[in-house]
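Geometric and topological summary
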Amino acid sequence: MGTIVTIDVYTAAGVTDAEVAELCEQLDRARSVLHHADEVFSTWQPHSPISRLRSAEITRAQAPAEVAEVLERCATARDLSGGWFDPWAMPGGIDPTGYVKGWAAQNALAAFSAEYIVGAIVNAAGDIASLGSLRNGEPFRIGIVDPLAPRQLAEIVDLTGAIATSGSYERGNHLIDPHLGCPCARAASASVTGPDLGLADALATGLAVAGTPGLAFIEPLDKYEALIIGFDGSRRCTEGFPLAPHQGTLPH
Amino acid sequence: MRRTPIVIGGTVAGLVGVLAFHTKSAPLSLPAAAGAAPAAGSAAGPGPGGTRKGASQPASGTSLSPSSAAQQASGVRTAVGPAVNYSYGVLSVKVTVSGRKILRVGIASIDDGGNPRSQYIDEQSIPMLEQQAIQAQSYNIQGVSGASYTSAGFAQSLQSALRSLSAK
């Protein structure tokens, strides 16, 4: 995946040394999950299982079990996105990257479990999986970068679960229209919240390509919400998108 | 395109209240932030590329921070985070804090290999990241969605720098 992941864990006050040691073990486990996902799914490592699958060196049946799992979930995400997210339509062969980063971060989050953990955030380069909340029980607040003025935040979200944002403003236009087979984005950025970061990531990728009409495929999905920021700065979102109230306007 | 291997910055923030923008920063809620946005800009502004630190800082810290005197008590401190690999090279981040308040964030060192595309991305991203770090505490947020590769390296070095400060 070639990216950096940061992990923050919020604990109840007064944790013991033993609990700190336990947390460090959980952190190690989360790290292993991410490294393993990178080894299996890195498309730039010629010998990774996914690369060998892309070059037809191995079949899907010969690949590690998680490859089949991810491809199955990608197929579900493709259906839920009305075909706008489609790892099978990428130039150069199947590329589940748009799903894997979120999936791996979500799995890494699952490493954290203890009664003294009140909340945890795994942030995979801007795609965020979370559990719990702040110490005071309030939800985590996550800023969404303004795609038209990336030094600013466009909105703030009260986050329960995960959020993924797709757009072409940092890496150039890497979003591929699966129907046309060429780079094309119809929104400056698309953010999707929901319980699972893998699916949110895939849906955000599809939505950035589909543009505003794509909101129609998010609306019926239980617990998933979306926000689109257009090239003209306009905002369109599904009914339940968890925008946090904020005083005044955010600079943009 | 995606060259570097995955690197993990694991931070157990809650344990020691490490991150100025991951906190306990109840004093920095949004009502204060409505006014704090320009203030944050001026915090980053006065020392363009400079290395403001030491005795001259507390005054500016006072004008910036709506929060308690207790924060001032620990004084102004600066730390440089470790050099971190990111997709376009290696960078490290310097941060200056007063108590738990971030006063200034900047790049301590960067080597993007001189590749024009890398330089372009860095030029676009880094001022944004400096601003985001300040904004993050102004808006009392725990993360930013939508940023990408450069930001992750930046955040990792920044977190380590903050951790070293909070370790006292």
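Calculation criteria
Residues numbered from 1 in each chain as written. Chains lettered and ligands numbered in written order. Predicted model: local features only at pLDDT ≥ 70, side-chain atom pairs only at ≥ 80, totals over all residues. Helix = DSSP H or I, 4+ residues; strand = E, 2+ residues; numbered from the N terminus. Rg over C-alpha atoms; globule rule 2.2 N^0.38 Å. Buried ≥ 20, exposed ≤ 12 C-beta atoms within 10 Å, placed from the backbone. Contact = placed C-beta atoms within 7 Å. Core = buried A, V, L, I, M, F, W, Y, C linked by C-beta atoms within 7 Å. Axes fitted to C-alpha atoms, helices over the stretch in contact; angles between N-to-C directions. Parallel < 35°, antiparallel > 145°, perpendicular 65-115°, else oblique. Left-handed = near helix turned anticlockwise from the far one by under 90°. Nonpolar A, V, L, I, M, F, W, Y, C, P; charged D, E, K, R; others polar. Pairing = 2+ DSSP bridges. Expected span 1.5 Å × (residues − 1). Arc of directions from axis to C-beta.

**Overview of the overall build of chain A**
Of the regular secondary structure elements, chain A holds 6 helices and 11 strands. On C-alpha atoms alone, chain A measures out to a radius of gyration of 18 Å, which is about the 18 Å that the 2.2 N^0.38 rule sets for 252 residues. With the C-alpha coordinates aligned to their principal axes, the bounding extent of chain A is approximately 55 × 50 × 30 Å. In chain A, which comprises 252 residues, the proportion classed as buried is 50%.

**Looking at the overall build of chain B**
The helix and strand tally for chain B stands at 6 helices and 6 strands. The proportion of buried residues among the 168 residues of chain B is 50%. Taking all contacts inside chain B whose residues are at least 6 apart in sequence as the whole, residues at least 24 apart take part in 70%.

**Observations regarding the environment of Gly-81 of chain B**
All names here are of chain B. Take Gly-81: it is sitting in the loop between β2 (76-80) and β3 (84-86). Assessed through the 24 C-beta atoms surrounding it within 10 Å, Gly-81 is described here as buried. C-alpha of Gly-81 to C-alpha of Ser-160: the two residues are 79 residues apart in sequence and 5.4 Å apart in space. Excluding its chain neighbours within four sequence positions, the residues that come into contact with Gly-81 are Ser-92, Val-93, Ser-157, Leu-158, Ser-160 and Ala-161.

**Here we look at the nonpolar core**
Membership of the largest hydrophobic core comes to 76 residues, with the highest contact counts inside it found for Val-122, Val-192, Ala-200, Leu-203 and Leu-207 of chain A. The element best represented in this core is helix α5 (residues 197-210) of chain A, accounting for 10 residues. Non-local contacts of Val-122 of chain A, meaning those with residues more than four positions away in its chain, are made with Val-5, Ile-7, Ala-105, Ala-108, Leu-109 and Ala-129 of chain A. Of all hydrophobic cores here, the second largest spans 13 residues; its members include Val-84, Val-93, Val-97 and Leu-103 of chain B.

**Things to note about the packing of helix α3 (residues 65-80) of chain A against helix α4 (residues 97-109) of chain A**
Residue and element names in this part refer to chain A. With their axes 10 Å apart at the nearest point, α3 and α4 run at an angle of 115 degrees to one another. With respect to each other, α3 and α4 are oriented roughly perpendicular. For α3 against α4, the interelement crossing comes out right-handed. For the pair α3 and α4, the contacting residues are Val-70, Arg-73, Cys-74 and Ala-77 in the first and Tyr-99, Val-100 and Trp-103 in the second. When the residues that make up the contact of α3 with α4 are grouped by side-chain class, the tally is 6 nonpolar, no polar and 1 charged.

**Notes on the sheet that holds strand β5 (residues 153-159) of chain A**
The 3 strands are arranged β5(A)-β4(A)-β6(B) in an open sheet whose pairing can be described as mixed. Since the sheet does not close on itself, it has two edges, and those belong to β5 of chain A together with β6 (143-145) of chain B, each with one partner. For this sheet, the mean inter-axis angle between neighbouring strands, taken without regard to orientation, is 35 degrees. When strand β4 (residues 140-145) of chain A meets β5 of chain A, the two strands line up antiparallel, connected through 6 bridges. By the bridge assignment for β5 of chain A, Val-145 of chain A is matched with Leu-153 of chain A.

**What about the pairing of strand β2 (residues 117-124) of chain A?**
Residue and element names in this part refer to chain A. With 7 of 8 residues buried, β2 lies mostly within the body of the structure. Summarising the sheet, β2 and strand β3 (residues 127-132) pair through 6 bridges and their orientation is antiparallel. Across the sheet, residue Ile-121 finds its bridge partner in β3, namely Ser-130. The hairpin formed by β2 and β3 contains 2 residues between the paired strands, and Ala-125 there has a positive phi angle of roughly 50 degrees.

**Describing the packing of α3 of chain A against α5 of chain A**
Residues and elements named next belong to chain A. Two elements in contact, α3 and α5, have axes whose closest approach is 10 Å; the angle formed by their N-to-C orientations is 45 degrees. In terms of axis orientation, α3 runs oblique to α5. Between α3 and α5 lies a crossing of right-handed hand. On α5, the residues that touch Arg-73, Cys-74, Ala-77 and Leu-80 of α3 are Gly-198, Leu-199, Ala-202 and Leu-203. Partitioned by chemical class, the residues of the contact of α3 with α5 number 6 nonpolar, 1 polar and 1 charged.

**So, unusual backbone geometry**
Residues and elements named next belong to chain A. Positive phi values are uncommon outside glycine, yet Ala-56 reaches one of about 65 degrees. If you trace the backbone, Ala-56 turns up in the loop between α2 (49-54) and α3. Of note in the backbone geometry, Lys-223 takes a positive phi value of approximately 70 degrees without being a glycine.

**Re the environment of Glu-130 of chain B**
Take Glu-130 of chain B: it is sitting in helix α5 (residues 116-138). Sequence separation between Glu-130 of chain B and Ile-107 of chain B is 23 residues; the distance between their C-alpha atoms is 8.4 Å.

**Topic: α3 of chain A**
Quick reminder: α-helices carry 3.6 residues per turn. Residues three or four places apart thus point the same way. Residue and element names in this part refer to chain A. For α3, with 16 residues, the first-to-last C-alpha span of 23 Å sits near the 22 Å given by 1.5 Å per residue. Inspection of α3 places Val-67, Val-70, Cys-74, Ala-77 and Arg-78 among the buried residues, and these make up the whole buried set. Buried residues in α3, looked at end-on, bunch into an arc of 100 degrees, giving them a common side. Away from the buried face of α3 by more than 90 degrees, exposed residues Ala-65, Ala-68, Glu-69, Glu-72 and Asp-79 are located. Packing partners of the buried residues in α3 comprise α1 (17-41), α2, α4 and α5. With its phi angle positive at about 65 degrees, Gly-82 sits one or two positions after the end of α3.

**Here's the deal with α1 of chain A**
With 25 residues, α1 of chain A extends 36 Å between its outermost C-alpha atoms, agreeing within 8% with the 36 Å of an ideal straight helix rising 1.5 Å per residue. Of all the residues in α1 of chain A, the buried ones are Leu-23, Gln-26, Ala-30, Val-33, Leu-34, Ala-37, Asp-38, Val-40 and Phe-41 of chain A.

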